[in-house]
Every structure is written in C-alpha cells, then in structure tokens.
Amino acid sequence: MPDLTSSGGAASLETARLLLRRWRDEDLDRFAAVNAQPEVMRYIHDGRTLDRAATAARLAIYRRHWDEYGFGLYAVELRETGELVGFTGLAVPTFLPEIMPAVEIGWRLGRAHWGRGLATEAARAVVAHTRAALGLRRLVSIHVVGNEASARVMVKLGMSLERETVQPDTGRRVRVYAMDL
C-alpha cells in the first residue's frame, strides 16, 4: 500500500446534492443519532447500535485514520440544508485480514436518506477523487450478505464480486467486491 500521508487527501468534495467533508466536533450528536438506528446498524459489525460514547470513540478513530493514511471517511451532509446524513469514504479494512493490504470504500446513511441515490452519488465522488489524486490502483468494498442495497451501490460503482468469505470477528458471511482504478 502506498504511503499517502502527504498525498491528495481532499479536505472536502462536492456533488450536486452533497458536501463530503472532514469531521467536526459538532457532528457527534447528529452522527450518534444515525448510529442509534437499528435498521442502519443491522449490517454493521455485530449489528448493535452505538450510543453517544461509542460514536465519539468511532469519530476519534476516523480522525486518526486521516492522520495516519491521508484519506478516510468523510462526513456527508446535504448541501441544501447542511443536515448530516452519514458518511462515505475510504478505510483500511483490517477487520478482514485475508484481503490485506487493501483500501475499502464504504458508506453509512441514516434511514431517512435511503433510496435517493445519495450513497452512490457520494461514493462516485470518492472514487473519482481516488483515481485523480490518491494513486491507488484498486478499491474493495465489503458486503455483509443480506444487505442488498449496499451491494447494488457496489455494482453501480463498477465493482465486481471477487470472493465470499467469513468476517473473523463476527462470523458473518461477507462478499468482497473490487475494482481496478
């Protein structure tokens, strides 16, 4: 994996409807509300919701990831209203050691924002930025079996199914999608 600490990790990206930006302290309560939704968290890790303290810990991890790798998960907000709807971005999927080294593209949106193409729109912006500025040659995305909406986003991005396996820490069946950049 290339050293991207000083590379083109953009502070923000914009699409027609969205602003993808670095996390702010004031995002905590709004992101905790997303993470408290059982439908949203059903396919995340072990399926449990996260409270405010657990969300704060996750945000600290997201910020450290940016510092360590020069890329990460962006807070996603609606440009029209400034509402935080979730995240989209890049991470190193150490939870699935068999595919390492790898960089994963992922997303999580609050339930009220599903079915509007926002995850695809945001992810396309991240893919375009990754191609133009980060020097990566490949991206993966992890689909927990059963989360068909997420798999559809992967296909819309041009990703192809690479393998099916089991996530070691949860025992959940996952499918690994991949794309060359």
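Chemist: Could you give me a rundown of the pairing of strand β8 (residues 173-180), with the residues and numbers involved?
Modeler: β8 sits mainly inside the fold: six of its eight residues count as buried. Sheet topology note: the strand β6 (residues 138-144)/β8 ladder contains seven bridges and is antiparallel. Among the inter-strand pairings, serine 141 is bridged to a residue of β8, identified as tyrosine 177. Alignment of strand β7 (residues 160-166) against β8, held across six bridges, turns out to be antiparallel. Looking at β8, one finds that valine 166 is bridged to arginine 173. Counting the residues in the hairpin turn of β7 and β8 gives six residues, including glycine 171, whose phi is positive at 75 degrees.

Chemist: Could you give an account of the pairing of strand β3 (residues 73-78), with specific residues and numbers?
Modeler: Where burial is concerned, most of β3 is hidden: six out of the six residues are buried. Side chains Leu73, Ala75 and Glu77 of β3 all project onto a buried face; the interleaved residues Tyr74, Val76 and Leu78 project onto the opposite face, where all are buried too. Alignment of strand β2 (residues 18-21) against β3, held across four bridges, turns out to be antiparallel. Its bridge partner being in β3, leucine 19 is matched across the sheet by glutamate 77.

Chemist: How would you explain the pattern of salt bridges if you had to name every residue and give the values?
Modeler: Side-chain pairing between opposite charges can occur once the charged atoms of the two side chains come close. Inspection of every chain in the model, using the stated rule, returns 13 salt bridges. A salt bridge links glutamate 121 to arginine 17, with the shortest nitrogen-to-oxygen separation between them at 2.6 Å. Residue glutamate 121 is found in helix α4 (residues 118-134), and its partner arginine 17 is found in the loop between β1 (12-14) and β2; the two are separated by 104 residues along the sequence. Classification of glutamate 121 as buried rests on a relative accessible area of 17%. A salt bridge links arginine 173 to glutamate 164; the nearest nitrogen and oxygen atoms lie 2.8 Å apart. Residues joined by salt bridges that share partners form a network here, namely Arg21, Asp27, Arg30 and Glu77.

Chemist: I'd like a description of the nonpolar core, backed by residues and values.
Modeler: Among the nonpolar cores identified, the biggest contains 32 residues, and Leu20, Leu90, Ile105, Trp107, Leu139, Leu157 and Met159 are the most heavily contacted of them. When residues of this core are traced back to their parent elements, those giving at least two are β2, β3, β4 (84-91), β5 (104-109), α4, α5 (148-156) and β8. Here this core takes seven residues from α4, the largest share from any one element. Sequence-distant contacts of leucine 90, defined by excluding residues within four places in its chain, comprise His65, Phe71, Gly72, Leu73, Val103, Glu104, Ile105, Val126, Thr130, Leu134, Leu136 and Leu139. Ranked by size, the runner-up nonpolar core spans 13 residues in total, among them Val34, Met41, Tyr62 and Leu73.

Chemist: So, helix α1 (residues 28-35): which residues are in play, and what are the values?
Modeler: Each α-helix winds once per 3.6 residues, and so residues spaced three or four apart point in a common direction. Among the residues of α1, those classed as buried are Leu28, Phe31, Ala32, Val34 and Asn35. Projected down its long axis, α1 shows its buried positions confined to an angular sector of 155 degrees, all on one face.

Chemist: Residue-level account of α4, with values.
Modeler: For α4, built from 17 residues, the straight-helix expectation of 24 Å at 1.5 Å per residue is met to within 8% by its first-to-last C-alpha distance of 23 Å. Most of α4 sits inside the fold, with 12 of its 17 residues counted as buried. Of all the residues in α4, the buried ones are Leu118, Ala119, Thr120, Glu121, Ala122, Ala123, Ala125, Val126, Val127, His129, Thr130 and Leu134.

Chemist: Please give an account of the packing of α1 against helix α3 (residues 52-69) that cites residues and values.
Modeler: Following both chains from N to C, one finds α1 and α3 inclined at 110 degrees, their axes separated by 9 Å at the closest point. For the element pair α1 / α3, the angle class is roughly perpendicular. Between α1 and α3 the crossing geometry is right-handed. Counted together, Leu28, Asp29, Phe31, Ala32 and Asn35 of α1 and Arg52, Thr55, Ala56, Leu59 and Tyr62 of α3 form the full contact between these two elements. The residue inventory of the contact of α1 with α3, partitioned by class, reads six nonpolar, two polar and two charged.

What counts as what
- Residues numbered from 1 in each chain as written.
- Predicted model: local features only at pLDDT ≥ 70, side-chain atom pairs only at ≥ 80, totals over all residues.
- Heavy atoms only, no water.
- Buried < 20%, exposed > 50% of the residue type's maximum accessible area, 1.4 Å probe, protein only.
- Helix = DSSP H or I, 4+ residues; strand = E, 2+ residues; numbered from the N terminus.
- Pairing = 2+ DSSP bridges.
- Salt bridge = Lys/Arg side-chain N within 4 Å of Asp/Glu carboxyl O.
- Core = buried A, V, L, I, M, F, W, Y, C linked by side-chain atoms within 4.5 Å.
- Contact = heavy atoms within 4.5 Å.
- Arc of directions from axis to C-beta.
- Expected span 1.5 Å × (residues − 1).
- Axes fitted to C-alpha atoms, helices over the stretch in contact; angles between N-to-C directions.
- Parallel < 35°, antiparallel > 145°, perpendicular 65-115°, else oblique.
- Left-handed = near helix turned anticlockwise from the far one by under 90°.
- Nonpolar A, V, L, I, M, F, W, Y, C, P; charged D, E, K, R; others polar.

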